[in-house]
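Observations on the model geometry
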Amino acid sequence: MKEREKFGSRLGFILVSAGCAIGIGNVWKFPYITGIYGGAAFILMYLVFLVALGLPIMVCEFTVGRGSRMGMGKALDTLEPKGTKWHRMKWISIFGSFLLMMFYTMVGGWMLKYAFMEATGTFVGLDGKAVEGVFGDMLTNPGTLTFWAIVAIVISFGACGFGLEKGIEKVTKVMMIALLLLMIALAVNSAFLPNAAAGIKFYLVPDFGEVAKKGFGNAVFAAMSQAFFTLSIGIGSMEIFGSYLDRKNRITGEAVNIVLLDTFVALMAGFIIIPVCFAYGVEPGSGPSLLFITLPTLFNNMAGGRIWGTLFFIFMSFAALSTIIAVFEEILAFFMDIGGWSRKKAVGVNFVLITVLSLPAILGFNVLSGIQPLGEGSNIMDMEDFLVSSNLLPLGSLVFVLFCVRKNGWGFENFLKEANKGEGIKFPHWIRLYMQYILPLIVVIIYLKGYYDMFSGKSTAVFVSWMCFAVLLLFVIFGVSIFTGRKKTERTK
């Protein structure tokens, strides 16, 4: 059997895994959602939930990878007790990885396109309305969207094609170090803008009165959801890197390092964007348009704005590409582990496959804009994003947790033994009851709330139908976790 690839260094593992966790959502969503819910008060709640939710699930995912030495194609098959059906749950990860790449490659292309436009002076002299027109023109041009999506795909598969250590680790190390340096430079620049101090105060000084205006319940759930989704857990993109990890260090310490790095990037994104908003009188909670319309307009009014705008979107491109590379590796590992394919063959086939699968999201903004799967104003990308973010990520996370704690799964003792091999922070035994009962319940609440938020404004029939579908998927997950292997157990008594 061919020896499993390994990281060349611990730093490589941390930066590659953090690169997967650090995506576009960290950079644009965290600052604007912080703006909506009152600044630093929201950040405090977010940090609490990051430790309570994200960290233990990440430990589960890494540990399954290291314990099995396989990607999600064979990880559950390798670790599950004989006669159980946990391996059927691997399709959540496989479908999730493909679905995510069906639109995320396009969004990565947007970042590359915007970096190119900033560098070549496309936005120079344009007002906000004209900048909005540039964004609209880009979306309505399928050729432009396809070209830049393919650029993102070529770069990412190019890195994967050279293997783990010589390709993914080497390329992601450079991107992540450059990303961190760019963030620091951009944050320093933002700090010296007029009225930036007011933005920094808003960001750093908790104001629970501001939270109360939006509703504490809404703020708590927003913090919980952001903490859950920020780490890219649930579809195996972390598990694959756990499968390449040696046993010199305990999993918990490695996960803590990645969570800290992910949090640092999210917080620094706020230091870049929020002072800029205060300096130019822009609402920091203005949503996705902040990234593609407002910020390019603000860079136009800033001294050296063309340079800062170029650096900002290069930084955004690195954030997107590091995630794409990580998920591509999970997809490639599926074909290499299951089919015994060479890395070269897996890259060639999936390059064509991902390119073709990216077309519906691209065409959904132009040729297929009449298709509105989630109701008026939605598009194909919205549907794909909903299926990943509100379905496969939480359901996949639920599978990882249940598999690691249930006796008919891998079992908590086996999980704990693998997680605590090596040196560093131990995963505590006392957390078992929390992981068995409370953590799954929280994930279920997040999952169902996502459906409620999406469909509560629709007709009663649509709302009830989708909620029934959500509950049905939960019945499948819990049905497997509770009943799989029971008949065999009963026969052996």
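As shown above, the structure is provided for reference.
Residues numbered from 1 in each chain as written. Predicted model: local features only at pLDDT ≥ 70, side-chain atom pairs only at ≥ 80, totals over all residues. Heavy atoms only, no water.

All right, on to helix α11 (residues 216-229) then. In a regular helix each residue adds 1.5 Å, so 14 residues correspond to 20 Å; α11 covers 20 Å between its end C-alpha atoms and thus fits that length. Inspection of α11 places A219, F221, A222, A223, M224, S225, Q226, A227 and F228 among the buried residues, and these make up the whole buried set. Buried-residue contacts for α11 involve α2 (24-36), α3 (40-68), α10 (208-214), α18 (380-405) and α20 (432-455). (Helix = DSSP H or I, 4+ residues; strand = E, 2+ residues; numbered from the N terminus. Expected span 1.5 Å × (residues − 1). Buried < 20%, exposed > 50% of the residue type's maximum accessible area, 1.4 Å probe, protein only. Contact = heavy atoms within 4.5 Å.)

If you walk through the whole model with that rule in mind, you get two cavities of 30 Å³ or more. Estimated volume of the largest cavity: approximately 50 Å³. In terms of lining, the largest cavity is formed by L186, N189, S190, I272, V276, L295, F299, M302, W308 and F312. Counting only elements with at least two residues in the lining of the largest cavity, the list comes to α8 (164-191), α13 (251-279), α14 (289-300) and α15 (305-339). Considering every element that reaches the lining of the largest cavity, the biggest residue donor is α8, with three residues. For the lining of the largest cavity, the class distribution of residues is eight nonpolar, two polar and no charged. When its volume is computed, the second largest cavity comes out at roughly 40 Å³. Taken together, M117, E118, G121, T122, F123, V124, F299, N300, G305 and R306 make up the lining of the second largest cavity. Contributions of two or more residues to the lining of the second largest cavity are made by α5 (90-119), α14 and α15. (1 Å grid on protein atoms, 1.4 Å probe; cavity = no way out; pocket = protein on both sides within 12 Å on 5 of 7 lines; lining within 4 Å. Points joined across faces, edges and corners; volume = space filled by probe spheres on them. Nonpolar A, V, L, I, M, F, W, Y, C, P; charged D, E, K, R; others polar.)

Let's shift gears to the pattern of salt bridges. For the coordinates displayed, the defined rule picks out 11 salt bridges. In this structure, R10 engages E254 in a salt bridge whose closest nitrogen and oxygen atoms are separated by 2.7 Å. On the criterion of sequence distance, the pair formed by R10 in helix α1 (residues 10-21) and E254 in helix α13 is long-range, its members being 244 residues apart. Residue classification places R10 among the partly exposed residues on the basis of a relative accessible area of 43%. Of the residues examined, E254 reaches a relative accessible area of 2% and is grouped as buried. Measuring nitrogen to oxygen at the nearest pair gives 2.8 Å for the salt bridge that ties R66 to E418. Here the residue R66 occupies a position in helix α3, and E418 occupies one in helix α19 (residues 412-419), the gap between them amounting to 352 residues. (Salt bridge = Lys/Arg side-chain N within 4 Å of Asp/Glu carboxyl O.)

Structurally, S97 is set in helix α5. Polar side-chain contacts of S97 include one of 3.5 Å to the backbone oxygen of I235. What S97 contacts, discounting residues up to four positions off in sequence, is I235, V327, E330 and I331. (Polar contact = N/O pair within 3.5 Å; in protein donor to acceptor, adjacent residues only side chain to side chain.)

This next bit is on the nonpolar core. General note: in soluble globular proteins, nonpolar side chains tend to be found buried as a group. In terms of nonpolar packing, the biggest core is built from 183 residues, with W110, F241, F312, F315, F415 and M435 touching the most fellow members. At 19 residues, the largest contribution of residues to this core is made by α15. Apart from residues lying up to four places away in sequence, F315 is in contact with V27, L179, L182, M183, L186 and I272. (Core = buried A, V, L, I, M, F, W, Y, C linked by side-chain atoms within 4.5 Å.)

Time to look at the packing of α8 against α15. Each pair of packed helices can be described by the angle between their axes along with the distance between the axes. Packing of α8 against α15 leaves a shortest axis separation of 9 Å and a crossing angle of 150°. It follows from the interaxial angle that α8 and α15 lie roughly antiparallel. Our pair here, α8 against α15, has a crossing hand that is left-handed. For the pair α8 and α15, contact is made by I168, V171, T172, M175, M176, A178, L179, L182, M183, A185, L186 and N189 and by W308, L311, F312, I314, F315, F318, A319, L321, S322, I325 and E329, respectively. For the contact of α8 with α15, the per-class residue count stands at 19 nonpolar, three polar and one charged. (Axes fitted to C-alpha atoms, helices over the stretch in contact; angles between N-to-C directions. Parallel < 35°, antiparallel > 145°, perpendicular 65-115°, else oblique. Left-handed = near helix turned anticlockwise from the far one by under 90°.)

For α5, built from 30 residues, the straight-helix expectation of 44 Å at 1.5 Å per residue is met to within 8% by its first-to-last C-alpha distance of 43 Å. At M102, α5 is bent by approximately 35°, the largest bend along its length. Summarising burial for α5: 26 of the 30 residues are buried, a large majority. Downstream of α5 by one or two residues, G121 has phi in the positive range, about 80°. (Bend = angle between axes of the 7 residues up to and from the residue.)

We now examine the environment of G38. Here G38 shows up in the loop between α2 and α3. Accessibility expressed as a relative area gives 2% for G38, which makes it buried. Sequence separation between G38 and A219 is 181 residues; the distance between their C-alpha atoms is 8.9 Å. Look past the residues within four positions of G38 in its chain and what remains in contact with it is F202, D207 and E210.

For the structure shown, the criterion picks out zero disulfides. In this model C20 remains outside any disulfide bridge; the closest cysteine sulfur is found in C160, 11 Å from its own. A disulfide-free cysteine, C404 has its sulfur positioned 4.0 Å from the sulfur of C60, the nearest such atom. (Disulfide = S-S within 2.5 Å.)

S97 gets classed as buried once you look at its relative accessible area, which sits at 1%. C-alpha of S97 to C-alpha of I274: the two residues are 177 residues apart in sequence and 32 Å apart in space.

All chains considered together, the criterion is met by 44 aromatic pairs. Summarising the aromatic geometry, the rings of W110 and F292 are spaced 5.5 Å apart at their centres and angled 85° between planes, so their arrangement reads as edge-to-face. Separated by 182 residues along the polypeptide, W110 in helix α5 and F292 in helix α14 bring together distant segments of the chain. Here W110 and F292 have matching classes, each one buried. A centroid spacing of 5.9 Å and a plane angle of 70° characterise the contact between F312 and F315, whose relative ring orientation is edge-to-face. (Phe/Tyr/Trp six-rings, centres within 6.5 Å; stacked < 30°, edge-to-face > 60°.)

Attention now moves to a nonpolar patch on the surface. The grouping of F469, V471, L472, F475 and V476 at the surface amounts to a nonpolar patch, some 460 Å² of accessible area in total. As for its position among the elements, F475 is in helix α21 (residues 460-483). (Patch = residues over 30% accessible without salt bridge, like charges linked within 9 Å, V, L, I, M, F, W, Y side chains within 5 Å. Areas by Shrake-Rupley, 256 points an atom, 1.4 Å probe, with all protein chains shown as cover.)

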